[in-house]
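# Structural characterization, general
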Amino acid sequence: MKPFNLSKSKDFQRCHHLRTGRNQREPDTPINYLKNSSQKCSSWKKCNQKVTPLMWEKQTREVNLLWSPEILQSLTSGNKLQCSDFILAVGHNAASFLSAYVLSSSNWDAVGRASVWNERSRAVAGQSSEDSACVFYRHKDNPSVLICRVTCYIAEDQLFQWAEKVFDCVQHRGLNVTVLSDSSVADYKTENYLSSSSAPFLRSLHTTAFSDQPVCQSLEQPNIVTGLPAAVLNHCQVHCIAAAVYQCYSDVIGPDSVTMETYTPVLTKLGKVMQLVQPPSTDVLSKFVRSTDIQSNLYI
Amino acid sequence: MFVSSQNSPPVFKDFTLVMPAVAVGNVGQLAVDLIVSTLNMSRVGYMHTDCLIPMAGNNPYSTSKEDAEELHTPAEVYTAAELKLAVLQIRAPIIQTKSKRFRQQLVSWIKASGFSRTVVLSSSHAYQRDDQQLQGSPLRYLVTPSLLGVSADALKELGWREMERTPAFPGVTDTDAEPRLSIPGGGITKGLYSDSCAEDLPLAVLLLFCSEGDNIPDAFALVNHLNDWLHLLDNQDQAPKNKWKIPTSWSLLFGSGIPPALF
């Protein structure tokens, strides 16, 4: 549903009470309060339009999946997305890796996005859907390959919901899920102290249904995976879907070309299902490595 | 909520269920780890719920390279059929706003599965004990009326101490507030106990007063206490008897190895 444009509508100007905490209502309720209350305000009688102001849309913790019209039609008629491979990138380095090595070949259509609001979401004015933090792409020639890049924070209480809703749209038979995930080497527990030269490195976790060989060493005890990769693994394990998570432990916070290159072994797996871009030059990679945000001047 | 990992759903009729509460020091969860690890229990299903924070890891009870790469989820059910014992292990915190819902899901699962009794292993903040609780053993029990009818003799023989009702405002004599049950730091323990009393479920709570820190000795104390009642180790063939096996996931509990350059 399109957000109701607050500032331009004449109706809103009359119903200025919406803004105050006292009269806040659930989205989608018609705002003709007069019928239910004894307050007298002639202007309110005219305002019976359903309202979902942008500020309310953001304040619910629901995960909303917004698909392209073609896919939406297919889903509403009861047909799930035919998908043989679903590749998910969680974190800036993983997402940039996919952008540089896979998505830059321009054989991909953006077919949907997930809108997730939580306490860490930043309201960015004029944010278009392409800049959105969670986008789904489908290969033009091979529509059974789906990619998702997630660069936003998904809160603990939204993770399960995200996984359920996404996998509800996708058919499970013969599905292979690959998750690339960024992590900090500070979270990696090992008996022998890791010198700085060993990071970044990859570790893998896979579900019981995954019968292939992982491209790197398995995650040793007592390390665990949390967040979106864990939610996806849990869902796949319970529903017997073959899934593997490749977690990259890096000592750099933020986008970094060396960390991105650590994911290259996964390319051997991905190359079987789609055409990959030739290893991009350092110039291309540096395009994806943003300079530090101005706001974060802690270490200047 | 419960999803079987086997081809046919497991039968829990007349089994005893042991489950932890996510509580101070994670003592209940550590104790359950010991039970699963020692009795070599096999996983029969998952509790697939949105009430827990997701996590995933390799097999925490692995004994060899072959079974090391099995994925485990935040809440799973294990059984030891010969002992008629089922264990629910919870590895992740309960999402704060979903605690009541989680209790409801648990209670309805317990009812539907037909467990003969449920034992909740829990803990409570040691610093919040009142004067009478400071004395003697730090272990306490609670039992619903439904289970009391069956196990009263066994509990009396064991000489266990029931959890006391403490006054709401200690030292204040004016108020006529009744002493009430309080389990600070116990997570869903009190709620689960009250729900079970209301639903007439045979449920017992075994709890230990402890603080955060190295809670391994507390876990051993609790699991030995449980064993005095349920006699889980009696059928162990391997010597030495009455020895609990520490799982492989109990390594590096306080972080990675120390960098040598530090010194």
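Structure shown above.
The sections below set out a description of the structure shown in this document. On a predicted model such as this, the values are computed, not experimentally measured, just so you know.

## Let's talk about the interface of chain A and chain B
- If you look at the interface, chain A gives 31 residues, while chain B gives 30 residues.
- Buried area between chain A and chain B, both sides added, is near 2500 Å², and the carbon and sulfur share of it is 62%.
- Considering only the surface of chain A that becomes buried against chain B, F160, Q221 and V238 of chain A emerge as the three largest contributors, covering 25% of it.
- Here chain A and chain B share 0 salt bridges between them.
- At the surface where chain A touches chain B, the tally comes to 12 residue pairs in polar contact (both at pLDDT 80 or more).
- Secondary structure elements with two or more residues in the side of chain A that touches chain B: α6 (156-168), β7 (201-206), β8 (225-226) and α7 (228-238) of chain A.
- When residues in the side of chain A that touches chain B are grouped by element, the largest group, 7 residues, is from α7 of chain A.
- Relative to strand β4 (residues 55-56) of chain B, β8 of chain A runs antiparallel, the two sharing 2 bridges. The partner of T226 of chain A across the bridge, within β4 of chain B, is M55 of chain B.

## Focus on the pattern of salt bridges
- Enumeration according to the criterion identifies 14 salt bridges over all chains in this entry.
- Across the pair K140 of chain A and D109 of chain A runs a salt bridge, and its minimum N-O distance is 3.9 Å. Note that K140 of chain A is positioned in the loop between β4 (134-139) and β5 (145-150) and D109 of chain A in strand β3 (residues 108-115), a separation of 31 residues in sequence.
- In this structure K140 of chain A comes out as partly exposed when scored by relative accessible area, which is 46%.
- The closest approach of N and O atoms between E76 of chain B and R43 of chain B, which form a salt bridge, is 2.6 Å. One end of the pair, E76 of chain B, is in strand β5 (residues 75-80); the other, R43 of chain B, is in strand β3 (residues 42-47), and 33 residues separate them in sequence.

## Regarding the packing of aromatic side chains
- In this structure the tally under the stated criterion is 18 aromatic pairs over all chains.
- Members of the aromatic cluster, each reached through a chain of ring pairs, are W67, F86, F136, W162 and F167 of chain A.
- Directly above the aromatic system of Y153 of chain A lies the positively charged group of R120 of chain A, at a separation of 3.9 Å from the ring centroid.
- Above the plane of the ring of W229 of chain B lies R117 of chain B, whose end atom (NZ or CZ) is 5.3 Å from the centre.

## Here we look at the environment of D200 of chain B
Residue and element names in this part refer to chain B.
- Checked against the element boundaries, D200 lands in the loop between α4 (189-199) and β9 (203-210).
- Residue D200 is classed as exposed on the basis of its relative accessible area of 53%.
- Once the C-alpha coordinates of D200 and T144 are considered, the two residues, 56 residues apart in sequence, prove to be 7.5 Å apart.

## Observations concerning empty space enclosed by the protein
All names here are of chain A.
- Per the counting criterion, the structure on display carries 1 cavity of 30 Å³ or more.
- Of the pockets and cavities examined, the largest cavity occupies roughly 100 Å³.
- For the lining of the largest cavity, the element with the most residues is α7, which contributes 3 residues.
- Classifying every residue of the lining of the largest cavity gives 8 nonpolar, 4 polar and no charged.

## Concerning the layout of surface pockets
- Size it by volume and the second largest pocket reaches roughly 350 Å³.
- Surrounding the second largest pocket, 15 residues form its lining, S218 and E220 of chain A together with K65, A68 and E69 of chain B being those nearest its centre.
- When the residues that make up the lining of the second largest pocket are grouped by side-chain class, the tally is 2 nonpolar, 9 polar and 4 charged.

## Thoughts on the sheet that holds β4 of chain A
Residues and elements named next belong to chain A.
- Strand order in the open sheet formed by 8 strands is β1-β3-β4-β5-β2-β6-β9-β7, with mixed pairing between adjacent strands. Lying at the two open borders of the sheet, with one neighbouring strand each, are β1 (64-67) and β7. Averaged over all pairs of adjacent strands, the angle between their axes in this sheet comes to 20°, without regard to strand direction.
- Examined bridge by bridge, β3 and β4 share 5 bridges and lie antiparallel to one another. Following the sheet pairing, W108 is matched in β4 by H139.
- Against the sheet, helix α5 (residues 92-101) contacts β2 (85-90), β5 and β6 (176-184), and its axis sits at roughly 130° relative to β6.
- Along the sheet, α7 makes contact with β2, β5, β6, β7 and β9 (242-250), crossing β6 at roughly 150°.

## With respect to helix α1 (residues 27-38) of chain B
All names here are of chain B.
- The terminal C-alpha atoms of α1 lie 16 Å apart, and with 12 residues this matches the ideal 16 Å at 1.5 Å per residue to within 8%.
- Here α1 lies mainly inside the structure; 12 of its 12 residues are buried.
- Within the span of α1, buried status applies to V27, G28, Q29, L30, A31, V32, D33, L34, I35, V36, S37 and T38.
- Two residues or fewer after α1 comes N40, characterised by a positive phi angle close to 55°.

## With respect to the nonpolar core
- Of all hydrophobic cores here, the largest spans 46 residues; its most connected members are W67, F86, L88, F136, W162 and V177 of chain A.
- It is α7 of chain A that provides the largest number of residues to this core, a total of 6 residues.
- With near-sequence residues (within four places) excluded, V177 of chain A lies in contact with F86, F167, V232, C236, I241, A242, A243 and A244 of chain A.
- V27, L30, V143 and L155 of chain B belong to the second largest nonpolar core, which has 38 residues in total.

Conventions adopted
Residues numbered from 1 in each chain as written. Chains lettered and ligands numbered in written order. Predicted model: local features only at pLDDT ≥ 70, side-chain atom pairs only at ≥ 80, totals over all residues. Heavy atoms only, no water. Contact = heavy atoms within 4.5 Å. Buried area = accessible area lost by both parts, 1.4 Å probe. Salt bridge = Lys/Arg side-chain N within 4 Å of Asp/Glu carboxyl O. Polar contact = N/O pair within 3.5 Å; in protein donor to acceptor, adjacent residues only side chain to side chain. Helix = DSSP H or I, 4+ residues; strand = E, 2+ residues; numbered from the N terminus. Pairing = 2+ DSSP bridges. Buried < 20%, exposed > 50% of the residue type's maximum accessible area, 1.4 Å probe, protein only. Phe/Tyr/Trp six-rings, centres within 6.5 Å; stacked < 30°, edge-to-face > 60°. Lys NZ or Arg CZ within 6 Å of the ring centre and 35° of its normal. 1 Å grid on protein atoms, 1.4 Å probe; cavity = no way out; pocket = protein on both sides within 12 Å on 5 of 7 lines; lining within 4 Å. Points joined across faces, edges and corners; volume = space filled by probe spheres on them. Nonpolar A, V, L, I, M, F, W, Y, C, P; charged D, E, K, R; others polar. Axes fitted to C-alpha atoms, helices over the stretch in contact; angles between N-to-C directions. Expected span 1.5 Å × (residues − 1). Core = buried A, V, L, I, M, F, W, Y, C linked by side-chain atoms within 4.5 Å.

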